[in-house]
Every structure is written in C-alpha cells, then in structure tokens.
Amino acid sequence: MSIIGARSANLLLWEERMRGVSDELYITTDDGTKGHHGFVTDIIKKLLEGGTKIDRVVAIGPPVMMRSVAGVTRPFNVKTIVSLNSIMVDGTGMCGACRVLVGNETKFACVDGPEFDAHLVDFTLLMNRLAMYQPEEKLAVEKHKCKREGCTC
C-alpha cells in the first residue's frame, strides 16, 4: 500500500510509478484537486484507527509532513522511517547543514542516513535549524530571478 500527496494535483510525483508497484494507492492533495482533500496523515490515521495492520511506514518529503507522520504512527507503535535527504547540501558531511539530533545523538543525514527512525528524530530542532536559513534562501531566489522575456529559469 502506498500513499502519495502534494499541495495540488499538478505537483503530484510518480503517480503511475507508484500505481505500478502498489497493490493499493491512496492519493491526497491539500487543495482537493485529486484524491482525498487533505493530507497523507489523514489516510494513515484512518487506516490505523480502522484496524488496518501496517508494519512499517516510510515517509519521504518535507520535514513538516514527516514530523506529522511520526506523530500519527507513534501512538500505534508503527515502525516509521523518514528520509532526510531533503536537508542535505553537499553529501559529504563537511558543511554540517544536514546535522540532526536522532535519539539524542548528533547525526549527519548525508553520511549517517538519510533514513532514520522517525520517532527518534528531534523534529523541533530540525525545523528550527531549517528556519534559520529562510532569509538567505529568499534573497537567493530574488537575486536569481531572470529579467529576460520568456526565460523560465
């Protein structure tokens, strides 16, 4: 069984690939343009509360979603793995941008992961660290905006 979600139908990724490898595929969109109007966590919670046996959940996506998935699966004691590849920068462990606290131990997603037990990841610290870079990210986007007509960069 697989669940995929996105903010909107036009942002869904790998729907056909997931359909090809899943006996059941649930689709969610935040805005309701396709599938369930809501979040992947809505489906997970409904399945778990309905008694569906789920041995493992693997969550890949934005940290806020992975944190929510961990919060839903924790009370049901479902092993939950998150992939923190989205926080990696250089892939060597030298920049430290992917530093994360897992089970009270400092880890680097690029060399120690990127997959970790979701119930051991300190998502509060992770989200706070990611928020620190938002002003620089906004500045970089503004500087990169191309002024040429027809440019899609």
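Computed from a predicted model, the values in this text were never measured in an experiment. Going along each chain's sequence as written, the residues are numbered from 1 onward. This being a predicted model, a pLDDT of at least 70 is required before a residue's local features are given, and a value of 80 or more before pairs of side-chain atoms are given or counted; all residues contribute to the totals for chains, interfaces and linings. With hydrogens and water set aside, each side-chain value is computed from the structure's full complement of heavy atoms.

**Comments concerning the pattern of salt bridges**
When a carboxyl oxygen of Asp or Glu lies within 4 Å of a side-chain nitrogen of Lys or Arg, that pair is called a salt bridge. Applying the stated criterion across every chain, the model contains six salt bridges. The salt bridge partner of arginine 19 is glutamate 15, with a shortest N-O separation of 2.7 Å. Placement of the pair is arginine 19 and glutamate 15 together in helix α1 (residues 15-21), with a separation of four residues, close to one helical turn. Given a relative accessible area of 15%, glutamate 15 falls into the buried group. Comment: elements are numbered from the N terminus, with helices defined as DSSP H or I runs of at least four residues and strands as E runs of at least two. With a 1.4 Å probe rolled over the protein chains alone, any residue whose accessible area is under 20% of its type maximum counts as buried; one over 50% counts as exposed, and the rest are partly exposed.

**Re the pairing of strand β7 (residues 105-108)**
Pairs of strands are assigned from DSSP output, requiring at least two bridges between the strands. As paired strands, strand β6 (residues 99-102) and β7 are joined by four bridges and run antiparallel to one another. Across the sheet, residue arginine 99 finds its bridge partner in β7, namely phenylalanine 108. Hairpin connection, β6 to β7: the antiparallel pair is bridged by two residues, and glycine 103 has positive phi, about 60°.

**Regarding the sheet that holds strand β8 (residues 115-117)**
Read from one edge to the other, the open sheet built from three strands follows the order β4-β5-β8, with strand pairing classed as mixed. Each edge of the open sheet carries a strand with a single partner, namely β4 (56-60) and β8. In this sheet, adjacent strand axes meet at a mean angle of 25° when their direction is disregarded. Pairing of strand β5 (residues 79-83) with β8 involves three bridges; the strand directions are antiparallel. Axis angles are defined between N-to-C directions and span 0 to 180 degrees, where every axis is a line fitted to C-alpha atoms and, for a helix, only to the segment in contact.

**With respect to the environment of alanine 59**
The residue alanine 59 is located in strand β4 in this model. Residues alanine 59 and threonine 80, spaced 21 residues apart in sequence, show a C-alpha to C-alpha distance of 7.4 Å. We call two residues in contact whenever any of their non-hydrogen atoms come within 4.5 Å of each other. With near-sequence residues (within four places) excluded, alanine 59 lies in contact with Met65, Met66, Val69, Ile81, Val82 and Ser83.

**Description of the environment of glycine 5**
Of note, glycine 5 is situated in strand β1 (residues 2-6). Once the C-alpha coordinates of glycine 5 and phenylalanine 39 are considered, the two residues, 34 residues apart in sequence, prove to be 6.7 Å apart. Sequence-distant contacts of glycine 5, defined by excluding residues within four places in its chain, comprise Leu12, Thr28 and Val40.

**Side note on the side chain of arginine 129**
If you trace the backbone, arginine 129 turns up in helix α5 (residues 123-132). Notably, arginine 129 is buried but unbridged: the nearest opposite-charge side chain belongs to aspartate 122, and the N-O separation is 10 Å. Here a polar contact is recorded for every N or O atom pair within 3.5 Å, except that within protein the pair must consist of a potential hydrogen donor and a potential acceptor, and residues adjacent in sequence are included only if both atoms are side-chain atoms. In terms of polar contacts, arginine 129 uses its side chain to reach the backbone carbonyl oxygen of alanine 97, at 3.4 Å. Only 2.7 Å separates the side chain of arginine 129 from the backbone oxygen of arginine 99, close enough to count as a polar contact. If we skip the residues at most four places from it in the chain, arginine 129 touches Gly96, Ala97, Cys98 and Arg99. In this tally, Lys and Arg are treated as positive and Asp and Glu as negative; His is ignored, and so are the chain termini.

**Focus on the packing of α5 against helix α6 (residues 134-144)**
For the pair α5 and α6, the least separation of the axes is 5 Å and the interaxial angle reads 40°. When the axis of α5 is compared with that of α6, the two are oblique. Facing α5, whose interface residues are Leu130, Ala131 and Met132, α6 presents Gln134, Pro135 and Glu136. We call Asp, Glu, Lys and Arg charged. Ala, Val, Leu, Ile, Met, Phe, Trp, Tyr, Cys and Pro are nonpolar, and the rest, Gly among them, are polar. Its residues placed into classes, the contact of α5 with α6 shows four nonpolar, one polar and one charged. Roughly parallel covers angles under 35 degrees, roughly antiparallel covers those over 145, roughly perpendicular covers 65 to 115, and oblique covers all other angles.

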